[in-house]
Amino acid sequence: MAAFQYRAIDADGRSLTGIVEADSARIARAQLRERGLFPLEVAASGSRKAGLGAAKKLRESELVLLTRQWAALLTSGLTVEQALSALGEQAERDAVRQVLAGVRSEILAGYSLRAALDRHATSFPTIYRASIAAGEKSGELAKVMNQLADYLERRDELRRKTLQALIYPAIVATVALLVVTGLLTYVVPQVVSVFQSSKQTLPWLTRALMGLSAFLRGWGWLLALAIAGGVAGFRYSLREDALRRRWDAWLLALPLVGRHLRALDTTRFASTLAILVGSGVPLLAALDAGRQVVTRLPLREAIGQAADRVREGMSLSRALGATRRFPPLLVHMIASGEATGQLDQMLERAARLQQGELETRTALLTSLLEPLLLLGMGGMVLVIVLAVMQPIIEMNTLLK
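In this numbering scheme, every chain counts its residues from 1 along its sequence in written order. With pLDDT at 70 or above as the cut-off, local features in this predicted model cover only qualifying residues; side-chain atom pairs require 80 or more to be listed or tallied, and sums for whole chains, interfaces and linings still use all residues. The basis for every side-chain value is the complete set of non-hydrogen atoms in the structure, without hydrogens or water.

### Quick notes on the packing of aromatic side chains
Both the distance between ring centres and the angle between the ring planes are used here to describe each pair of aromatic rings.
Consideration 1: Stacked, edge-to-face and tilted labels apply to pairs of Phe, Tyr and Trp rings (six-membered ring for Trp) whose centres lie within 6.5 Å, assigned for plane angles under 30 degrees, over 60, and everything in between, in that order. One pass over the structure, following the stated rule, counts 4 aromatic pairs.
Consideration 2: Measuring from ring centre to ring centre gives 5.0 Å for Phe 234 and Trp 247, while their planes differ by 80°; the resulting arrangement is edge-to-face. On the criterion of sequence distance, the pair formed by Phe 234 in helix 8 (residues 204-237) and Trp 247 in helix 9 (residues 241-253) is long-range, its members being 13 residues apart.
Consideration 3: Residue Trp 247 is classed as partly exposed on the basis of its relative accessible area, which comes to 30%.
Consideration 4: One aromatic cluster is present, built from ring pairs that chain together Phe 234, Trp 247 and Trp 250. Each helix is a run of H or I in the DSSP string that is no shorter than four residues. Each strand is a run of E no shorter than two, and both are numbered from the N terminus. With a 1.4 Å probe rolled over the protein chains alone, any residue whose accessible area is under 20% of its type maximum counts as buried; one over 50% counts as exposed, and the rest are partly exposed.

### Brief notes about the nonpolar core
Consideration 1: Only buried residues count toward a nonpolar core, which is a set of Ala, Val, Leu, Ile, Met, Phe, Trp, Tyr and Cys residues joined through side-chain atoms within 4.5 Å. Ranked by size, the top nonpolar core spans 65 residues in total, and within it Trp 70, Phe 124, Tyr 128 and Phe 269 carry the most contacts.
Consideration 2: When checking whether two residues touch, look at their non-hydrogen atoms; a contact exists if any pair is within 4.5 Å. With near-sequence residues (within four places) excluded, Tyr 128 lies in contact with Leu 63, Thr 67, Trp 70, Leu 117, Met 145, Leu 148 and Leu 152.

### Examining unusual backbone geometry
Consideration 1: Positive phi values are uncommon outside glycine, yet Arg 324 reaches one of about 55°.
Consideration 2: The topology assignment puts Arg 324 in the loop between helix 13 (316-323) and helix 14 (328-340).
Consideration 3: According to the relative accessible area criterion, Arg 324 is exposed, its value standing at 75%.

Have a look at this one:
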């Protein structure tokens, strides 16, 4: 029995979508008619022809919860097919049910779990599918899925901490921009108009502020469009590898930001390598998967160079050290793991140390960014106040 995704209309004319299990699409349509539905489209779950479930993507939090529950069900003795059925029944979102039904349908059709997950690559990342394949081969699928759940939870926790740390600076920057824009476009023109009728020569700061205010009121919308277009064009141009390589190299060379980005990619790489090596994935295949989770092109290319050296017989620690792209801590811990035969454990420890360093550096950067933003906002308001007050002070001086 396979799972079929459908789109149908009920007696009230409402459009419905869902999943029905049947031996064939014809029987699935018959079941829908028996339930008082008029089927518009019925296709095997995961079929790209239907377009009903193949493009669905699981959220990060959903993937973490799903993996943890899946590991618990496998540990309790359920088969993969039974676990998928149970997970699909308790899923809250329709997209999750469709993805799980698609995977279950592929398994019932005779495919391996790895092959079934490959049909839903947008929901299951490369490291996830590679670890599952290793778990299937070793017969330790439940153990591997527990390791995956731990990895995904740490990654999600790091992402949430980073976002939480950036929320306050983002709010301060937005408020500062709105306040300064409001002062320049509304308050300043009304105050400065009093001096325009007089024959007094205005200070250069006041004249400059009046010009800037007039420009924003007349052409501010065009400036906003130009900035938005420039940002969009720059992001589009980063699709070209040559430009993106130069941009990433420049970011990595920055004093504080570069170390932060390097630590972030190092954490991802070490975590991915640890779970894959621990699952029994060959080192070269693990390096290829680790390369795909790294964001910055210079680091990704360095991993590719290291993989070539490992293929020629060099040790992983020497290969990574030769690139001079990765922190010495990671290289030394990998060397220790290779010497003791505990590479996966040392990689895991290195990933945790890098994550701790990353969290500390994130807190430091945000603690520096907050007062800088406040000082910048205060400085802009001070300039506006001086530009308005200078003519008043000069008028009082003349009256005396």
